[in-house]
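Analysis of the macromolecular model
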Amino acid sequence: ATAPDVVDVEDVMFLGDATPAAPPRPMMADDTKDAPTYVMLVSGLSLGQTNPAHIGLLLDFVAGSVGDAAAASRIARVIIAGNSVATSKDDETSANPDSDVANLAALDAFLARLAALLPVDLMVGAEDPAPYALPQAPVHACLLPAASAVPGLNRLGNPISLEVASDDDTSTPITILGHAGQCVDDAWRYLAEDDRLEVLASTLRWRHLAPTAPDTLVCHPNDGSDDVLGMEAAPHVLFAGNQPTFATREEAGTRLVCVPAFASTSSAVLVDMRTLEAHEVRFQSHYS
């Protein structure tokens, strides 16, 4: 007999696999067909906490001033997956409004320079000055006055779903779906599986980005008519930001990427939009 307050689970049924992603299409004209086109994924910049020298190396790499200039010239856009600014704790003893303002100003200046080079998609995360509940709204333009005036900056919420179009209108766009990491972080606490990439893969199979919402992950009420956390079709790329380490693999035609937090790893990820291969790029100075 079942004990009081105990639920016996006889079977678990899922929605079934999401519609498979369309195969990637060439991004560039035929005369450059052998050259890769990259999307850079970076998260957890935590300006105000991260080594400024490493932030400078990241900016110089994208500009082609240091490192592999050929690879940098092939970066089509940068997606910043949340937790971009370090903020003081929300309590009377450790809150430091002056520090928060200075860190936002540093982020504003950094984004203004970066978005002048190429398109930048700025997402929000759990640590950013934005509403906490999923789906999160973008950072307000008044907090980033200089960067918001640059046409290359796109202020986005969390999660995001993007279509990166090719140079010609005949190719199928590459679909990118991702979040700032809260969805994986919260689900990971419930599972015996220690592999966060496997947790991300599970959300793809479950066809839901945030399976623990609203129980232990705060989200806005939704009647199901506009569920941005659900997954009707599998994307080409599914990423989770602000993870402890970089990890990647292919799952049923979708490239899964755990994007490491830059503040602790000083690294970003380049995803080849032709092959969907992903690799980590580190930005560290021997003198810092």
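Residues numbered from 1 in each chain as written. Predicted model: local features only at pLDDT ≥ 70, side-chain atom pairs only at ≥ 80, totals over all residues. Heavy atoms only, no water.

Overview of the packing of helix 1 (residues 52-63) against helix 3 (residues 97-115)
The following threshold applies: Axes, fitted as lines to C-alpha atoms, cover a helix only where it is in contact. Angles between the N-to-C directions of the axes lie from 0 to 180 degrees. Helix and strand assignments follow DSSP, with helices taken as H or I runs no shorter than four residues and strands as E runs no shorter than two, numbered in order from the N terminus. The labels follow the angle: roughly parallel below 35 degrees, roughly antiparallel above 145, roughly perpendicular from 65 to 115, and oblique for the rest. Handedness of a helix crossing follows the sense of rotation of the near helix relative to the far helix, less than a right angle counterclockwise being left-handed and clockwise being right-handed. Only heavy atoms enter the contact rule, under which two residues are in contact if any of them lie within 4.5 Å. Residue classes follow a fixed rule: Ala, Val, Leu, Ile, Met, Phe, Trp, Tyr, Cys and Pro count as nonpolar, while Asp, Glu, Lys and Arg count as charged, and any other residue, Gly among them, counts as polar.
Where helix 1 contacts helix 3, the axes come no closer than 10 Å and their chain directions differ by 15°. Classed by the angle they form, the pair helix 1 and helix 3 counts as roughly parallel. In terms of crossing hand, the pair formed by helix 1 and helix 3 is left-handed. Counted together, I55, L58, L59 and V62 of helix 1 and F110, R113 and L114 of helix 3 form the full contact between these two elements. Among the residues making up the contact of helix 1 with helix 3, the classes are represented as 6 nonpolar, no polar and 1 charged.

Topic: the pattern of salt bridges
Spelled out, the test is: What makes a salt bridge here is a side-chain nitrogen of Lys or Arg within 4 Å of a carboxyl oxygen of Asp or Glu, nothing more.
Taken as a whole and judged by the stated rule, the model has 10 salt bridges. Salt bridges linked by common partners bring E198, R205, R249 and E251 together as one network.

Brief notes about the environment of R74
One can find R74 in the loop between helix 2 (69-73) and strand 2 (75-80). Once the C-alpha coordinates of R74 and P36 are considered, the two residues, 38 residues apart in sequence, prove to be 6.6 Å apart.

A word on the sheet that holds strand 7 (residues 237-243)
For clarity, the cut-off: Between any two strands, pairing holds if DSSP finds at least two bridges.
Pairing is mixed across the open sheet formed by 5 strands, whose spatial order is 5-6-7-9-8. Single-partner strands in this sheet number two, and they are strand 5 (160-164) and strand 8 (247-251). Shown here is a sheet whose adjacent strand axes are inclined to one another by a mean of 20°, direction ignored. Across 4 bridges, the pairing between strand 6 (residues 174-179) and strand 7 is parallel. Paired with G178 across the bridge in strand 7 is F239.

Considering empty space enclosed by the protein
Gaps left between atoms show up when a probe the size of a water molecule is rolled over them. Threshold: A 1.4 Å probe that fits but cannot get out identifies a cavity on a 1 Å grid over protein atoms alone, an open set with protein on both sides within 12 Å along at least five of seven lines counts as a pocket, and a residue lines either if it has an atom within 4 Å of a point. Grid points are joined across faces, edges and corners, and a volume is the space filled by probe spheres set on the points.
Counted according to the given criterion, the structure contains 1 cavity of 30 Å³ or more. There is about 40 Å³ of room inside the largest cavity. What lines the largest cavity is S84, L104, L107, L122, M123, D128, P129 and V139. Of the residues contributing to the lining of the largest cavity, the split by class is 6 nonpolar, 1 polar and 1 charged.

Points about the nonpolar core
Short version of the rule: Residues belong to one nonpolar core when they are buried, are Ala, Val, Leu, Ile, Met, Phe, Trp, Tyr or Cys, and are joined through side-chain atoms within 4.5 Å. Buried means the residue's accessible area, taken with a 1.4 Å probe over protein chains only, is under 20% of the maximum for its type, while exposed means over 50%, and partly exposed covers the values in between.
Residues M40, I80 and F110 are the most contacted members of the largest nonpolar core, which totals 36 residues. Those elements that provide at least two residues to this core are strand 1 (38-42), helix 1, strand 2, helix 3, strand 3 (120-122) and strand 10 (267-272). Not counting chain neighbours up to four residues away, the residues in contact with I80 comprise V42, L45, F110, L111, L114, V120, D121, L122 and M123. Grouped together as the second largest cluster of nonpolar side chains are 21 residues, L177, V184, L209 and M231 included.

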